Amino acid sequence: MSSSKNTTQLFSFEFFPPKTNEGALSLENVRQQLSQLNPDFFSVTFGAGGSTRDKTYDTVLSIQQAGIAAAPHLSCVASTKENITEILNAYKANNVAKIVALRGDLPSGTMSAGEFRYANELVEFIRTETGDFFQIHVAAYPEIHPQAKNAADDFKNFKHKVDAGANAAITQYFYNADSYFYFMDECEKNGIDIPIVPGIMPITNYSQLFRFSDMCGADIPRWMRKRLEQFGDDVDSICAFGEDMVSNLCQRLLENGAPGLHFYTMNRAAPIEAIWNNLQLSDN
Ligand code: FAD
């Protein structure tokens, strides 16, 4: 299998901020391993309701200080204009020039949405406050966001984020490549020409994958569900199947025009390295 990386493609790896010292040490190792693959950037999530604000910031700065671009995720939920301005200024002062701007999810209905209701409002605010300093990424949903009224409205809402000044989008993960190609066609018909980078979720754990997918609206096709069910607790077989399946998905995406790949690493290097090697994406 080979997809040969070209210089215009964008590759990025997503981490979540570690909660413990042990987690921080482990992430440091993962970051060092994945740095060998020479990604364009690492992104760091923003916990539901802003719960990891400081840890996201610290993780972003430590990545940036190690010499690789880092992109913090920022969400509308529980954010105010004042605290967003403050954090943007702090990132700017540290030369962090990429942001993933999101609405975020409310943690079990506990708090209000904040001063921004939807991600397009956050993108607009970042542009008004900081001009073109930040390269802004937004989320895209080839399989439709789970709370969208309908597919057409969801697409219109996606376009609002692009019109507000997003430079690129990263998709929710999916296992059905056709949903991505259909979304790309829709973008073309609507004059959207920013890179839409597929989000890739490696498969290493069956119950966690099903739980996440139910929450975020990612479809697990029946044939995959049945195969994964059949492996039961046999983690090696799940990982082998997942590696094969996801490598094939990535290859198909890259061969058919995807402008790169964004990997949801779950703070683990090995599953990403395996897919990367299968695709022969290393520079030399
Ligand atoms: P929006 O684009 O605002 O859309 C949210 C919903 O509202 C959609 O159904 C949309 O159709 C609808 N909508 C949008 N605008 C309007 C409008 N004007 N009127 C009516 N309806 C509207 N979550 C986190 O908490 N932290 C993270 O770090 C994080 N990282 C992510 C990274 C990626 C790449 C992706 C794909 C998702 C991530 N998420 C994260 C999850 C994300 O926050 C949720 O999917 C959230 O529910 C929607 O965020 P959004 O930015 O897509 O929202």
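Just so it is clear, the model here is predicted, and its values are computed rather than measured.

A few points about the sheet that holds strand β5 (residues 135–140)
Then, in step 1: Sheet architecture is open: nine strands sit in the order β7-β6-β5-β4-β3-β2-β1-β9-β8, paired in parallel fashion. A single partner strand is all that each edge strand has here, and the edge strands are β7 (196–197) and β8 (199–200).
Then, in step 2: Sheet topology places strand β1 (residues 10–15) next to strand β9 (residues 260–264); five bridges connect them, and they run parallel. Across the sheet, residue Phe 11 finds its bridge partner in β9, namely Leu 261.
Then, in step 3: Along the sheet, helix α3 (residues 81–93) contacts β3 (70–75) and β4 (98–102); its crossing angle with β3, the most-contacted strand, is approximately 180 degrees.

Examining helix α8 (residues 222–231)
Then, in step 1: All of the buried residues in α8 are Met 224, Leu 228 and Phe 231. All buried residues of α8 fall inside an arc of 50 degrees around its axis, so they share one side. Along α8, the residues that are exposed and aim more than 90 degrees away from the buried face are Arg 222 and Gln 230.
Then, in step 2: Tucked into the core, α8 has its buried residues touching α7 (206–216) and α9 (235–255).
Then, in step 3: Within two residues after α8, Gly 232 carries a phi angle of roughly 55 degrees, on the positive side.

Quick notes on helix α10 (residues 270–278)
Then, in step 1: Every buried residue of α10 is accounted for by Pro 271, Ile 272, Ala 274, Ile 275 and Trp 276.
Then, in step 2: On the buried face of α10, the contacting elements are β1, α1 (21–35), α9 and β9.
Then, in step 3: Once α10 finishes, Gln 280 follows within two positions and takes phi at roughly 50 degrees, a positive value.

Points about the site of the ligand
Then, in step 1: Around the ligand, 21 residues are found, and the nearest of them are Phe 46, Asp 105, Tyr 141, Asp 154 and Lys 161.
Then, in step 2: The contact in question runs from an oxygen atom of the ligand to an N or O atom on the side chain of Tyr 141, over 2.7 Å.
Then, in step 3: A distance of 2.6 Å separates an oxygen atom of the ligand from a polar atom in the side chain of Asp 154.
Then, in step 4: Contact with the protein chains removes 85% of the 980 Å² of surface that the ligand exposes when unbound.
Then, in step 5: Residue assignment for the shell around the ligand shows that the elements contributing at least two residues are α5 (151–163) and β6 (168–171).
Then, in step 6: Looking at which element gives the most residues to the shell around the ligand, the answer is α5, with three residues.
Then, in step 7: In terms of residue class, the shell around the ligand is built from nine nonpolar, eight polar and four charged.

Observations regarding the pattern of salt bridges
Then, in step 1: For the structure shown, the criterion picks out eight salt bridges.
Then, in step 2: The closest approach of N and O atoms between Arg 117 and Glu 121, which form a salt bridge, is 2.9 Å.
Then, in step 3: A relative accessible area of 55% means that Arg 117 is categorised as exposed.
Then, in step 4: As a salt-bridge pair, Arg 252 and Asp 178 come within 3.0 Å of each other at their nearest N and O atoms. Taken as a pair, Arg 252 in helix α9 and Asp 178 in helix α6 (residues 177–189) lie far apart in primary sequence, 74 residues in all.
Then, in step 5: Judged by relative accessible area, Arg 252 falls into the partly exposed class, the value being 37%.

Rules and cut-offs
- Counting restarts for each chain: residues are numbered from 1 in the order of the written sequence.
- Given that this is a predicted model, residues contribute local features only at a pLDDT of at least 70 and side-chain atom pairs are listed and counted only at 80 or more, while totals for whole chains, interfaces and linings are drawn from all residues.
- Based on all heavy atoms of the structure, the side-chain values leave hydrogens and waters out of the count.
- Two strands are said to pair when DSSP picks up at least two bridges between them.
- Numbered from the N terminus, helices here are DSSP runs of H or I no shorter than four residues, and strands are runs of E no shorter than two.
- It only takes one pair of heavy atoms within 4.5 Å for two residues to be counted as in contact.
- Structural elements are reduced to axes, namely lines fitted to C-alpha atoms, with helices fitted over the stretch in contact, and the angle between N-to-C directions of any two is expressed from 0 to 180 degrees.
- Relative accessibility thresholds used throughout: buried, under 20% of the residue-type maximum; exposed, over 50%; partly exposed, between the two (1.4 Å probe, protein chains only).
- As used here, the arc belongs to the directions running from the helix axis to the C-beta atoms.
- In this text, near means that some heavy atom of the residue lies within 4 Å of the molecule or strand in question.
- A 3.5 Å cut-off defines polar contacts: any pair of N or O atoms within that distance qualifies, except that in protein one atom must be a possible hydrogen donor and the other a possible acceptor, and neighbouring residues in sequence count only when both atoms are side-chain atoms.
- Values of accessible area rely on a 1.4 Å probe in the Shrake-Rupley scheme; residue burial ignores everything except the protein chains shown.
- Note that Gly is not counted as nonpolar here; it falls among the polar residues with everything else outside the nonpolar set of Ala, Val, Leu, Ile, Met, Phe, Trp, Tyr, Cys and Pro and the charged set of Asp, Glu, Lys and Arg.
- Each salt bridge in this description consists of a side-chain nitrogen of Lys or Arg and a carboxyl oxygen of Asp or Glu lying within 4 Å of one another.

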